[in-house]
Amino acid sequence: MDKNKHLESVISTHQITKEKTLFDKYVKKKNEVKEALEENYGSDLYYPFNSGSYAKNTAINTKFDFDLVSPFKRNAFGSNGTLKEMYEDVYYFLYEKYKDVAEVKKQKVSIGLEFYADSDGDVIKIDVVPGRELSQDQYREDENLNLYVYYKYGNIDAGSERIKTNVKAQINNIKDRATAEKDSIRKIIRLLKVWKNTKYIYPTKSFFLELITIKAFDSKSITGSIWDKLETVLQYIRDNVTKESFTQKDPGNSSNDLADTLTSTEKQQLSDDMKNMLERIEENDENLKTYFPENTKFKKEDTNNNQYGKNSGMPIPPPKLNFG
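Residues numbered from 1 in each chain as written. Predicted model: local features only at pLDDT ≥ 70, side-chain atom pairs only at ≥ 80, totals over all residues. Heavy atoms only, no water.

The protein chain is annotated in an unreviewed UniProt entry as Nucleotidyltransferase of Belliella aquatica.

**Focus on the packing of helix 2 (residues 20-41) against helix 4 (residues 83-98)**
Spelled out, the test is: To get an axis, fit a line to the C-alpha atoms, keeping to the stretch in contact for a helix; angles then go from 0 to 180 degrees between the N-to-C directions. Helix and strand assignments follow DSSP, with helices taken as H or I runs no shorter than four residues and strands as E runs no shorter than two, numbered in order from the N terminus. Just so you know how the angles are binned, under 35 degrees is roughly parallel, over 145 roughly antiparallel, 65 to 115 roughly perpendicular, and the rest oblique. Two helices that cross are described as forming a left-handed crossing if the nearer one is turned anticlockwise from the farther one by less than a right angle, and a right-handed crossing if clockwise. Any two residues whose heavy atoms approach within 4.5 Å are treated as being in contact. Amino acids outside the nonpolar list (Ala, Val, Leu, Ile, Met, Phe, Trp, Tyr, Cys, Pro) and the charged list (Asp, Glu, Lys, Arg) are all regarded as polar, and Gly is one of them.
Two numbers describe how helix 2 lies on helix 4: the axes approach to 11 Å, and their chain directions differ by 120°. As judged from the angle between their axes, helix 2 and helix 4 are oblique. Helix 2 and helix 4 meet at a crossing whose hand is right-handed. The residues of helix 4 that touch helix 2, namely those facing Glu-32, Val-33, Ala-36, Leu-37, Asn-40 and Tyr-41, are Asp-89, Val-90, Phe-93, Leu-94, Lys-97 and Tyr-98. Classifying every residue of the contact of helix 2 with helix 4 by side-chain character gives eight nonpolar, one polar and three charged.

**Considering the pattern of salt bridges**
What counts, and what does not: We count a salt bridge whenever a side-chain nitrogen from Lys or Arg sits within 4 Å of a carboxyl oxygen from Asp or Glu. A 1.4 Å probe rolled over the protein chains alone gives each residue an accessible area, and that area as a share of the maximum for its type sets the label: buried under 20%, exposed over 50%, partly exposed in between.
For the coordinates displayed, the defined rule picks out 23 salt bridges. Note that Lys-56 is salt-bridged to Glu-210, the shortest N-O span being 3.1 Å. Remark: Glu-210 occurs in helix 8 (residues 206-219) and Lys-56 occurs in helix 3 (residues 52-56); sequence separation between them is 154 residues. A salt bridge links Lys-99 to Glu-96; the shortest N-O distance between them is 3.2 Å. Judged by its relative accessible area of 35%, Lys-99 falls in the partly exposed class. Several salt bridges converge on common partners, so that one network encompasses Lys-25, Asp-118, Asp-120 and Asp-122.

**Brief notes about the pairing of strand 5 (residues 125-132)**
Here is the rule: If DSSP finds at least two bridges between two strands, the strands pair.
By the criterion of burial, strand 5 is predominantly enclosed, with seven of the eight residues buried. Alignment of strand 2 (residues 66-72) against strand 5, held across seven bridges, turns out to be parallel. Residue Ser-70 lies in a different strand from strand 5, and its bridge partner there is Pro-130. One ladder, built from four bridges, connects strand 4 (residues 111-115) with strand 5; its direction is antiparallel. Residue pairing in the sheet places Glu-114 in a bridge with Lys-125 of strand 5. Of the pairings in the sheet, the one linking strand 5 to strand 6 (residues 145-147) comprises two bridges and is antiparallel in character.

**Examining the side chain of Asp-273**
By the element assignment, Asp-273 lies in helix 10 (residues 264-283). Apart from the residues lying within four places of it in its own chain, the contact partners of Asp-273 are Trp-195, Lys-199 and Tyr-202.

**Quick word on the packing of aromatic side chains**
Counted only if it meets this: What counts as a ring pair is set by centres within 6.5 Å for rings of Phe, Tyr and Trp (its six-membered ring), and what kind of pair is set by the plane angle: stacked under 30 degrees, edge-to-face over 60, tilted for all other angles. Our definition puts a charge over a ring when NZ of Lys or CZ of Arg is within 6 Å of the ring centre and also within 35 degrees of the ring normal.
Summed over the entire model, instances satisfying the criterion amount to 14 aromatic pairs. Aromatic side chains Tyr-41 and Phe-93 sit 5.8 Å apart centroid to centroid with 75° between the ring planes, which places their arrangement in the edge-to-face category. Taken together, the positions of Tyr-41 in helix 2 and Phe-93 in helix 4 put the pair 52 residues apart, joining distant regions of the chain. Each member of the pair Tyr-41 and Phe-93 is classed as buried. When the centroid spacing of 5.1 Å and the interplanar angle of 70° are considered together, the rings of Tyr-91 and Tyr-92 count as edge-to-face. Of the residues examined, Tyr-92 reaches a relative accessible area of 46% and is grouped as partly exposed. Taken together, the ring pairs connect Phe-23, Tyr-26, Tyr-54 and Phe-66 into an aromatic cluster. Positioned above the aromatic ring of Tyr-46 is the side chain of Lys-73, whose terminal nitrogen or guanidinium carbon lies 5.5 Å from the ring centre. We note Lys-168 situated over the ring of Phe-49; from NZ or CZ to the ring centre the distance is 4.9 Å.

**Notes on the pairing of strand 9 (residues 253-257)**
Here strand 8 (residues 249-250) runs beside strand 9; their pairing, made up of two bridges, is antiparallel. Considered in strand 9, the bridge of Lys-249 is made with Asp-257. In sequence, strand 8 turns back onto strand 9 through a hairpin of two residues.

**A look at the nonpolar core**
Put simply, the rule is: By convention a nonpolar core is built from buried Ala, Val, Leu, Ile, Met, Phe, Trp, Tyr and Cys residues, the set being connected through side-chain atoms within 4.5 Å.
Within the largest apolar cluster, 39 residues are counted, with the highest numbers of intra-cluster contacts made by Leu-191, Trp-195, Leu-270 and Phe-292. Those elements that provide at least two residues to this core are helix 1 (3-13), helix 7 (179-197), helix 8, helix 9 (226-240), helix 10 and helix 11 (288-291). Sequence-distant contacts of Leu-191, defined by excluding residues within four places in its chain, comprise Leu-7, Val-10, Ile-11, Ile-226, Leu-230 and Phe-292.

Okay, here's the thing in structure tokens:
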């Protein structure tokens, strides 16, 4: 099997633009939520913006949602207001606004809106991430935000108010790179998301997979074909994620070690999964298709070179099939 050809097809069939109708629904719903937040909070809220895979151009079409970062002013919830009060206020506003049309749930640092299926059966998911500037009017200068942790996030305790980050710096961590390297990183991240999506529930967040992919590129000379690059990244994760010395700095705040978002058990599981995957693919190239499946909905058939041979214009009848 040509591993490179298969992986390129995986990437192509998972392009988010292939789901244009669904994508347009997401954009419309995201804009509705953004406008509702702006109307409710007025001048206490800076301009909400997209983050996550959509903003970084690493989304895949089999599982995606929109992250809407909502930067609040320092005194938006009173001069002595806490991050918890900010988080709870945004949650209750969204709950009252959308409780009849969506499931509204508290998540690790965001509030999830999962809109009930529409007439096409499509379910739209928007994650609102409330953040607060560090000092009044400081956000315009540094774009730093404090986030509230609603429940235990790896080794980070619930109720923690210590997560300070810069979401725009996280986005630029990929966007500001040279074009060739940026394209390679995005391809590997998309492939890892496809792999993660083959699992029903997996503890490792996509953001962590994104950052460790970038760290692999920063730590090693990663060249060659798409399979060569993917294999090197898988080996890097296998060999490094469980080391006591391993750290994963947040590009939005180097004081944040995002390795803490995984427990020791979760890190070991990730390392073991990389090891097993590499071994199974080494045993048989065909196993690559199990870990990195194409999106069959958009798989292109080669109309000129198919199982019946080249078609030079005359229709070629299929062979007679015998059943039983």
